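Letter by letter, the chains look like this.
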Amino acid sequence: MCFPDLRLILTLFTVTTFFIGSSWSETNACRQKHFENIMSGGSPLPTANIISSHNVPSMARCFMRCFQESRCVGFNYRWSGAKYNCKTIKTGRLDNENGDQTSTGQQHSNDTCTALRQKNNSLPSGLYFISPGDVALSPFQVHCDMESKNGIGVIVIGHDSESRTKVDNYEDPGSYSRKIRYNTTMQQIVAVINQSKNCEQFIKYECSNSLLLHSSYGYWISRQDRKMNYWGGAAVDSGKCACGMNNTCVGGGNCNCDANEERLREDSGFLTDKNTLPVAELRFGDTGITGSGYDEYGYHTLGKLLCWG
């Protein structure tokens, strides 16, 4: 099977045209396409240059339309207010308004969602290709939230454990384990974190007679595989939850859940330490049956990783 070799993806403007350099590999008989940004904000394409026109949800779909068409040497796309209008191109030449041929010049993208937003503040939220500083990485696709955080442009990385999930019948400390599988590789995530000024991830544990940080019944694992002894909203390595930072926890402890009451309590907040994010694994315990026959249980919720700036 042939896969696209996406080398260059650049900033999205109102109208952007990409051309492709094609090569042939005798070992796998695959045509490799390398995109170059040659024009932004140009006039409409001549009809004779266009193979097909499509409405697509993202630039990636436009790229795939071109890759799947053997005659395609590039594509043009424009945001229409609801979707991208994508035109696949069958000629390697475009004329500008003066009748001069536009040459192809390679440029390397080094963008995040924040950088894209700064260059074009009308970009909507959606899927974009970014290349956040690590030269060893090819550009990869992420969701950019262009509305929250005052519209600064936030990289949003999801995972398979975002829904509220019950923890029950795991009594020993940390005996319940949930490994987090993200939508991008850890190498890509680390590149995003290193390029961003701020990152955060929401974490919550709802508990009924289930201890959290007390006696290390519950904790989270960092990307370096380290056991972390604090919860969202608290200082790094404090051994506390958010309520413990201002002495407002139920029962006067370090976490609401550590009051160990037979009613549903909650500890939640944002983790913000870039050195240890994202959460790689969740561990819980103390969800068995009490001596009086009461069922101990909890629910965990882990938000998407958000990075910006």
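Model, not experiment: these values are computed from the prediction.

Q: Any chance you could explain the nonpolar core here in plain terms?
A: Here is a general trend for soluble globular proteins: nonpolar side chains tend to be buried in one another's company. By size, the foremost hydrophobic cluster in this structure holds 57 residues, and its most contacted members are Leu212, Trp220 and Trp231. There are two domains that each give this core at least three residues, and those are domain 1 (32–107) and domain 2 (165–308). For Leu212, the residues in contact, after removing those within four places along its chain, are Tyr205, Tyr217, Gly218, Trp231, Cys241, Cys255, Cys257, Asp258, Asp267 and Phe284.

Q: What should I look at first to understand the environment of Val56 in this one?
A: With respect to the secondary-structure elements, Val56 resides in strand S3 (residues 50–56). You can call Val56 buried: its relative accessible area is 3%. Separated by 29 residues in sequence, Val56 and Asn85 have C-alpha atoms that sit 6.4 Å apart. Sequence-distant contacts of Val56, defined by excluding residues within four places in its chain, comprise Arg61, Cys62, Lys83, Tyr84 and Cys86.

Q: In this structure, what is going on with the environment of Tyr219? I would like to understand it.
A: Within the element layout of this structure, Tyr219 appears in strand S12 (residues 219–221). Note: C-alpha distance between Tyr219 and Pro173 (46 residues apart in sequence) is 9.2 Å. When neighbours within four sequence positions are excluded, Tyr219 is seen to be in contact with Gly174, Lys227, Met228, Trp231, Leu282 and Arg283.

Q: Hey, could you run me through the sheet that holds strand S15 (residues 281–284) in this one?
A: The strands making up a sheet are joined through hydrogen bonds of the backbone, oriented either antiparallel or parallel. Strand order in the open sheet formed by four strands is S10-S15-S12-S13, with antiparallel pairing between adjacent strands. Lying at the two open borders of the sheet, with one neighbouring strand each, are strand S10 (176–179) and strand S13 (227–228). Of the pairings in the sheet, the one linking S12 to S13 comprises two bridges and is antiparallel in character. Each residue of the ladder has a partner; that of Trp220, found in S13, is Met228.

Q: What is the right way to look at the side chain of Thr114 in this model?
A: Note on placement: Thr114 falls in helix H2 (residues 113–119). Its relative accessible area of 5% is what places Thr114 among the buried residues. Side-chain polar atoms of Thr114 contact the backbone nitrogen of Gly309, separated by 2.9 Å. If we ignore the near neighbours within four places in the chain, the residues touching Thr114 are Ile152, Gly153, Trp308 and Gly309.

Q: Help me understand the packing of aromatic side chains, please; the structure alone is not making it clear to me.
A: Aromatic ring pairs are reported here in terms of the distance separating the ring centres and the angle at which the planes meet. Taken as a whole and judged by the stated rule, the model has seven aromatic pairs. Aromatic side chains Tyr176 and Phe284 sit 6.1 Å apart centroid to centroid with 40° between the ring planes, which places their arrangement in the tilted category. Of this pair, Tyr176 sits in strand S10 while Phe284 sits in strand S15, placing them 108 residues apart in sequence. The class of Tyr176 is buried, set by a relative accessible area of 8%. Residue Phe284 is classed as buried on the basis of its relative accessible area, which comes to 0%. One residue, Arg164, lies across the ring of Tyr299, its end atom 3.7 Å from the ring centre. The positively charged end of Lys227 is found above the aromatic ring belonging to Tyr219, 4.6 Å away from the centroid.

Q: Would you take a moment to explain the state of the cysteines for this structure?
A: Such a bond, covalent and formed between the sulfur atoms of two cysteines, is termed a disulfide. Evaluated as defined, the whole model comprises five disulfides. Between Cys243 and Cys249 runs a disulfide, and the two sulfur atoms are separated by 1.9 Å. The chirality of the disulfide connecting Cys243 with Cys249 is right-handed, given an S-S dihedral of about 95°.

Cut-offs and rules
- Residues numbered from 1 in each chain as written.
- Predicted model: local features only at pLDDT ≥ 70, side-chain atom pairs only at ≥ 80, totals over all residues.
- Heavy atoms only, no water.
- Core = buried A, V, L, I, M, F, W, Y, C linked by side-chain atoms within 4.5 Å.
- Buried < 20%, exposed > 50% of the residue type's maximum accessible area, 1.4 Å probe, protein only.
- Domains from an automatic or database assignment.
- Contact = heavy atoms within 4.5 Å.
- Helix = DSSP H or I, 4+ residues; strand = E, 2+ residues; numbered from the N terminus.
- Pairing = 2+ DSSP bridges.
- Polar contact = N/O pair within 3.5 Å; in protein donor to acceptor, adjacent residues only side chain to side chain.
- Phe/Tyr/Trp six-rings, centres within 6.5 Å; stacked < 30°, edge-to-face > 60°.
- Lys NZ or Arg CZ within 6 Å of the ring centre and 35° of its normal.
- Disulfide = S-S within 2.5 Å.

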